[in-house]
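Architecture and fold: a report
Residue-level listing of the chains:
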Amino acid sequence: MADGNSETKSSNQMWGGRFASGPDAIMEEINASIGFDKKLYAQDIRGSIAHATMLAHQGIISADDKDKIVHGLNTILSEIESGAFEFSRRLEDIHMNIEARLATLIGPAAGRLHTARSRNDQVALDFRLWVKEELQRTEKALTALIAAFLDRAEEHADTVMPGFTHLQTAQPVTFGHHCMAYVEMFGRDRSRVRHAIEHMDESPIGAAALAGTGFPIDRHMTAKALGFAGPTRNSIDTVSDRDFALEFLSMASITATHLSRLAEEIVIWSTPQFGFIRLSDAFSTGSSIMPQKKNPDAAELVRAKTGRINGSLIALLTVMKGLPLAYSKDMQEDKEQVFDSAESLELAIAAMTGMVRDMTIRSDRMKAAAGSGYSTATDLADWLVREAGLPFRDAHHVTGRAVALAEQNGCDLADLSLADLQSIHADITEKVFDVLTVEASVASRTSFGGTAPNEVRKQIAWWRARN
Ligand code: ARG
């Protein structure tokens with residue numbers, strides 16, 4: 001089989017019966033999907049073997065023909081995997097490339113394989129199988145990322161850092177607690193992956209073109225052979241549904257958005273100004289002109305991949321939104337979006353897992369920053385409520401005055417003298433200094449899900465039992 005361009009314009013050997021001549025070159029170019037759907041070869045062959053086996057079991061084709069078909073398909077599988085198979089654009093897509101080769105290999109028996117099926121249910125099957133396997137890979141990758149965060153969280157359950165809102169210093173937290181926030185995010189992503197696998201766990205094959213078939217097929221048998229929970233229940237929906245691809249892209253977009261937020265934090269944290277982390281040489285690059293630089297390129301690229309993935313979701317939603325039931329050729333545009341996103345997402349998760357495992361945490365820098373910016377102001381206000389019986393709004397006001405005074409003196413809250421503090425509110429005693437340190441602040445936040453080291457350790461244990 002030669003490339004499509006060099007072939008004569010004869011009508012298509014798979015569907016050309018009513019055609020006098022072959023397609024225009026432009027038609028061939030816009031129509032062909034083999035350039036990308038060859039990725040589905042293994043799923044296509046697996047589906048065809050299950051279909052042929054079922055056809056023979058039901059007495060629709062002979063056992064002899066089935067054996068020839070299965071043998072021929074296995075030969076094609078090794079031809080593709082060894083690189084010997086020649087894909088032809090004239091044969092449009094992976095389904096017809098394989099079937100045409102089967103005809104060359106085994107003769108007329110090949111023509112019986114397409115009994116009681118159509119490319120519409122065939123492509124729905126192949127693509128579903130591919131996406132399902134990709135989701136299983138994503139689940140494993142997310143588990144590895146979560147494991148990396150759990151290790152870092154455990155190591156740094158006591159490491160204090162500033163917690164931010166509006167990227168302004170808010171209250172001290174621990175780095176372990178911050179890591180566990182990402183564990184929650186990627187844990188939700190992983191449960192979205194699991195739900196997507198459950199939703200798509202139905203076999204399309206046997207829906208045929210759109211209406212089912214008059215042949216006595218057994219769709220439960222093919223579903224079981226292909227590892228699905230059962231067959232889909234409506235043949236029209238089956239060939240017009242791409243929810244599994246949309247769910248993959250939705251999950252991928254949300255996960256990529258989480259990865260991008262993490263990437264952004266890594267970019268900020270690794271600046272000399274923040275200096276909270278040092279990226280390993282393995283995940284950064286130098287500058288060709290400025291010798292002092294170490295750039296967080298991997299994090300930046302993870303941040304940027306989110307654009308492609310989110311774009312793919314919008315692209316496929318847009319492809320699907322105007323389509324009447326059932327199959328339309330528009331749906332051929334589903335694959336490249338998913339393939340590109342899958343590759344980007346896999347790479348982004350792997351790069352992030354490496355960065356999280358490799359980065360050096362600069363605890364001294366985090367601690368110094370944790371105490372600056374009056375991060376324990378809320379602790380002073382809470383102390384006034386607890387120990388001096390002030391209503392919180394009054395305590396807030398008193399604390400605001402203490403912050404203003406510290407700002408005037410150019411010092412931290414903990415550096416104000418007792419006399420200074422008492423000049424603002426007479427009921428303040430020496431004991432207030434116990435809550436003005438960052439360690440005391442962090443240790444006091446023992447509410448469920450709070451930043452106190454013991455609370456964080458409980459959450460780590462909860463996740464360890466589930467990862
Ligand atoms: N290459 C096609 C696709 O990806 C396969 C299905 C073609 N079906 C048809 N009726 N032309 O959607």
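Our subject is the structure listed above.
Below you will find a few notes about this structure. (Residues numbered from 1 in each chain as written. Predicted model: local features only at pLDDT ≥ 70, side-chain atom pairs only at ≥ 80, totals over all residues. Heavy atoms only, no water.)

1. What to know about the pairing of strand S1 (residues 160-165)
- When S1 meets strand S2 (residues 168-174), the two strands line up antiparallel, connected through five bridges. The partner of threonine 165 across the bridge, within S2, is glutamine 168.
- What sits between the antiparallel neighbours S1 and S2 is a turn of two residues, in which histidine 166 has the positive phi angle 55°. (Pairing = 2+ DSSP bridges. Helix = DSSP H or I, 4+ residues; strand = E, 2+ residues; numbered from the N terminus.)

2. Regarding the environment of alanine 52
- The topology assignment puts alanine 52 in helix H3 (residues 41-57).
- The sequence separation of alanine 52 and alanine 452 amounts to 400 residues, and the corresponding C-alpha distance is 61 Å.
- Residues within four places of alanine 52 in sequence aside, it is in contact with Ile61, Lys66, Ile69 and Leu113. (Contact = heavy atoms within 4.5 Å.)

3. Digging into the packing of helix H7 (residues 175-199) against helix H18 (residues 453-464)
- Their axes nearest at 10 Å, the elements H7 and H18 cross at an angle of 30°. Relative to H18, the element H7 lies roughly parallel. Like other packed secondary-structure pairs, H7 and H18 cross with a definite hand, here left-handed. Across from Gly176, His177, Met180, Val183, Glu184, Gly187 and Arg190 in H7, the residues of H18 making contact are Val456, Gln459, Ile460 and Trp463.
- Partitioning the contact of H7 with H18 into residue classes produces five nonpolar, four polar and two charged. (Axes fitted to C-alpha atoms, helices over the stretch in contact; angles between N-to-C directions. Parallel < 35°, antiparallel > 145°, perpendicular 65-115°, else oblique. Left-handed = near helix turned anticlockwise from the far one by under 90°. Nonpolar A, V, L, I, M, F, W, Y, C, P; charged D, E, K, R; others polar.)

4. A look at the site of the ligand
- Around the ligand, a shell composed of Ser33, Asp37, Asp93, His95, Arg119, Asn120, Val123, Tyr327, Gln332 and Lys335 is seen.
- Lysine 335 has a polar side-chain atom sitting 2.6 Å from an oxygen atom of the ligand.
- Expressed as a share of its isolated accessible area of 350 Å², the protein-covered part of the ligand is 87%.
- If one sorts the elements of the shell around the ligand by residue count, helix H6 (residues 119-155) sits on top with three residues. (Near = heavy atom within 4 Å. Polar contact = N/O pair within 3.5 Å; in protein donor to acceptor, adjacent residues only side chain to side chain. Areas by Shrake-Rupley, 256 points an atom, 1.4 Å probe, with all protein chains shown as cover.)

5. What about the packing of helix H11 (residues 297-320) against helix H12 (residues 334-358)?
- Relative orientation of the contacting elements H11 and H12 amounts to 155°, with a least axis distance of 9 Å. Viewed along their axes, H11 and H12 adopt a mutual orientation that is roughly antiparallel. Crossing of H11 over H12 shows left-handed handedness. Here H11 contributes Ala298, Ala299, Val302, Lys305, Arg308, Ile309, Ser312, Ala315 and Leu316 to the contact with H12, which in turn contributes Asp334, Gln337, Asp340, Ser341, Ser344, Leu345, Leu347, Ala348, Ala351, Met352 and Met355.

6. What about the environment of aspartate 382?
- Along the polypeptide, aspartate 382 turns up in helix H14 (residues 377-388).
- Since its relative accessible area comes to 24%, aspartate 382 is described here as partly exposed.
- Along the sequence, aspartate 382 and glycine 212 sit 170 residues apart, while their C-alpha atoms lie 69 Å from each other.
- Non-local contacts of aspartate 382, meaning those with residues more than four positions away in its chain, are made with Phe392 and Arg445. (Buried < 20%, exposed > 50% of the residue type's maximum accessible area, 1.4 Å probe, protein only.)

7. Thoughts on the pattern of salt bridges
- One pass over the structure, following the stated rule, counts 30 salt bridges.
- The shortest N-O distance in the salt bridge between glutamate 155 and arginine 152 comes to 3.2 Å. Taken as a pair, glutamate 155 and arginine 152 lie in helix H6 at a separation of three residues, close to a single helical turn.
- Given a relative accessible area of 7%, arginine 152 falls into the buried group.
- For arginine 445, the salt bridge goes to aspartate 379, with nearest N and O atoms at 3.1 Å. Taken together, the positions of arginine 445 in the loop between helix H17 (438-444) and H18 and aspartate 379 in helix H14 put the pair 66 residues apart, joining distant regions of the chain. Each member of the pair, arginine 445 as well as aspartate 379, carries the same accessibility label: buried.
- Among the ionic contacts, a cluster of salt bridges with common partners joins Glu92, Asp93, Arg119 and Lys329. (Salt bridge = Lys/Arg side-chain N within 4 Å of Asp/Glu carboxyl O.)

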